[in-house]
Amino acid sequence: MQTRIIRSRNAEYQRFQVLKTNRNKRYRYGEFFVEGVRNLNAAVRFGWHISSLLYPSHRPLSGWARELLDSQPTDVNYELSPELMDELSGKDDGSELMAVVRMRPDNFDQLACKEPPLLALFDRPSNRGNLGTILRSCDALGVDGLILTGHGVDPYDPEVVVSTMGSFFKVPVIRVPENDAVMRFMAQMRQRYPDFQAVGTTAHQQKPLRDVDLTRPTLLMIGNETDGLCRAFKECCDVLATIPMNPSSYASSFNVGCAATVLFYEAARQRGLA
C-alpha cells in the first residue's frame, strides 16, 4: 500500500481541507471527508470505497486503527504530522484516523427497496442538523432510502455525516435537483405498484396521520423547514397528512426532524417493525 508523508500545508493537505469546507470542490473531486470511529466502521461495513486513510506520525495507534490500516484496500494513505492531524480534525481531542471516501452516484437505482417499499423525500433541506436527524430516523425505523430535492444542504457535509452516527452509510441518499425527475420516478413506482401512494405532510388540519394506511407502497414527502412542501409536490400527493397535536398546545407544528421521526414511527408501527 502506497503511503505519502505530509509535513506541511502542501497541495495535498489543502485538498483535505477543501473536502471538509467546500461543497463545489467536494463534487469536483467526487470525494468527501470522514472521521469518527462509528462513521469509519459504517463506511467499511456497508461497502463504501475508501480512497485514503490519514493517520499521525509518532503517535501510537489503537488496535482498531492499526487493523483498519492493515486490512482496508485504499488508493493511497497519508501520514501527517500530529499538528496537521489536529488542525484537520473537527474534534477537540483530535482523531487518530480519518478518511477520504468516494461518493456514490445520484440515481434511483441506489434505492434498493424491500416489499412493500417505504421511501422518504425531503424537499430543499436547509439545516444540517435536521438532515442528520432524519437520516438517523430513516435508519432506525426502516425507511429504504431518502431523496433530497432542489438546492439544499449537502448530505456529504462533514457536519451532516457526523450527526448521523454512521446511519449515513446505511441509508441510500440521492440528490435530485429537478422536480420532473421525481415525478417520473413516481410514475414508474405507480406502474410497478398499483397501490403506490405519495403522502405529504402539512401543519394545517388535514387527514390525521393515524388514519393513513402506511402499509401500502409509500413515498413520505417532507417539506422544507420554512416553506413546507413546494406546490408541485403538494399537488402530486395522494393524501396530505397531519400529526395530531394536543388541543391546548401553544406550538402550532413540530420541528421537521421531529415530524419526520413521528411519521416514520407510525409507518413502522403499522408495518409491525417497531
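Here the focus is the overall build of the protein. Helix and strand counts for the protein come out as ten helices and twelve strands. For a compact globule of 274 residues, the expected C-alpha radius of gyration is about 19 Å, and the protein comes in at 21 Å, within 12% of that figure. When its C-alpha atoms are laid out on the principal axes, the protein stretches across 60 × 45 × 35 Å. Every one of the 274 residues in the protein was classed for burial, and the buried ones make up 49%. Partitioning the intrachain contacts of the protein with sequence separation of at least 6 by distance along the chain shows that 78% fall at a separation of at least 24. A total of about 13400 Å² of accessible surface is found on the protein, and carbon and sulfur atoms cover 47% of it. Each charge class in the protein can be summarised by its mean position, and for the 32 positive and 32 negative side chains these summaries are 2 Å apart.

As a further point, take the layout of surface pockets. Here the largest pocket defines a volume of roughly 610 Å³. Approximately 390 Å³ is the volume found for the second largest pocket. Around the second largest pocket, the lining comprises 23 residues; the ones closest to its centre are Lys20, Asp157, Pro158, Glu159 and Val162. Within the residue set of the lining of the second largest pocket, elements represented by two or more residues are α1 (11–21), α2 (23–29), β2 (31–35), α3 (37–45) and α7 (158–163).

Below, the discussion takes up the pairing of strand β12 (residues 239–242). One ladder, built from three bridges, connects strand β9 (residues 197–201) with β12; its direction is parallel. Following the sheet pairing, Val199 is matched in β12 by Val239. Where strand β10 (residues 207–208) meets β12, two bridges bridge the pair, whose relative direction is parallel. Bridge pairing in β12 places Lys207 opposite Ala241.

Here we come to helix α10 (residues 256–270). For α10, which comprises 15 residues, the first-to-last C-alpha distance of 21 Å matches the rise-based estimate of 21 Å (1.5 Å per residue) to within 8%. Within α10, burial applies to Val256, Gly257, Ala260, Leu263, Phe264, Glu266, Ala267 and Ala268. Of the surrounding elements, those touching the buried residues of α10 are β6 (118–123), α6 (128–140), β9 and β11 (218–222). Of the residues flanking the start of α10, the one acting as N-cap is Asn255, its side-chain oxygen 2.7 Å from the backbone nitrogen of Gly257. Just beyond α10, the residue with positive phi is Gly272, at close to 75 degrees.

With that settled, the discussion passes to the pattern of salt bridges. Evaluated as defined, the whole model comprises 17 salt bridges. Of the charged contacts, one joins Asp157 and Arg128 as a salt bridge, the two residues approaching to 2.9 Å between their closest N and O atoms. Within this pair, whereas Asp157 is found in the loop between β7 (145–149) and α7, its partner Arg128 is found in helix α6, the two being separated by 29 residues in sequence. Look at Asp157 and you get buried, because its relative accessible area is 10%. Where salt bridges share partners, they join Arg26, Arg128, Asp154 and Asp157 into one cluster.

The next point concerns the packing of aromatic side chains. This model, assessed by the stated rule, comprises eleven aromatic pairs. Aromatic pair Phe16 and Tyr78: ring centres 5.0 Å apart, planes at 80 degrees, arrangement edge-to-face. In this pair, Phe16 is assigned in helix α1 and Tyr78 in strand β4 (residues 77–80), connecting sequence segments 62 residues apart. Exposure remark for Phe16: the relative accessible area of 0% places this residue in the buried category. Summarising the aromatic geometry, the rings of Phe32 and Phe168 are spaced 5.7 Å apart at their centres and angled 65 degrees between planes, so their arrangement reads as edge-to-face. Within this pair, whereas Phe32 is found in strand β2, its partner Phe168 is found in the loop between α7 and β8 (173–176), the two being separated by 136 residues in sequence. When its relative accessible area of 2% is taken as the criterion, Phe168 is described as buried. Through successive ring pairs, a cluster of aromatic residues spans Tyr27, Phe32, Trp48, Tyr156, Phe168 and Phe169. Over the ring of Tyr29 we find Arg15, and its NZ or CZ is 5.5 Å from the ring centre. In this structure, Arg104 packs its charged tip against the face of Trp48, placed 4.2 Å from the ring centre.

About the thresholds
- Residues numbered from 1 in each chain as written.
- Predicted model: local features only at pLDDT ≥ 70, side-chain atom pairs only at ≥ 80, totals over all residues.
- Heavy atoms only, no water.
- Helix = DSSP H or I, 4+ residues; strand = E, 2+ residues; numbered from the N terminus.
- Rg over C-alpha atoms; globule rule 2.2 N^0.38 Å.
- Buried < 20%, exposed > 50% of the residue type's maximum accessible area, 1.4 Å probe, protein only.
- Contact = heavy atoms within 4.5 Å.
- Areas by Shrake-Rupley, 256 points an atom, 1.4 Å probe, with all protein chains shown as cover.
- Lys, Arg positive; Asp, Glu negative; His and termini not counted.
- Charge placed at Lys NZ, Arg CZ, Asp CG, Glu CD.
- 1 Å grid on protein atoms, 1.4 Å probe; cavity = no way out; pocket = protein on both sides within 12 Å on 5 of 7 lines; lining within 4 Å.
- Points joined across faces, edges and corners; volume = space filled by probe spheres on them.
- Pairing = 2+ DSSP bridges.
- Expected span 1.5 Å × (residues − 1).
- Polar contact = N/O pair within 3.5 Å; in protein donor to acceptor, adjacent residues only side chain to side chain.
- Salt bridge = Lys/Arg side-chain N within 4 Å of Asp/Glu carboxyl O.
- Phe/Tyr/Trp six-rings, centres within 6.5 Å; stacked < 30°, edge-to-face > 60°.
- Lys NZ or Arg CZ within 6 Å of the ring centre and 35° of its normal.

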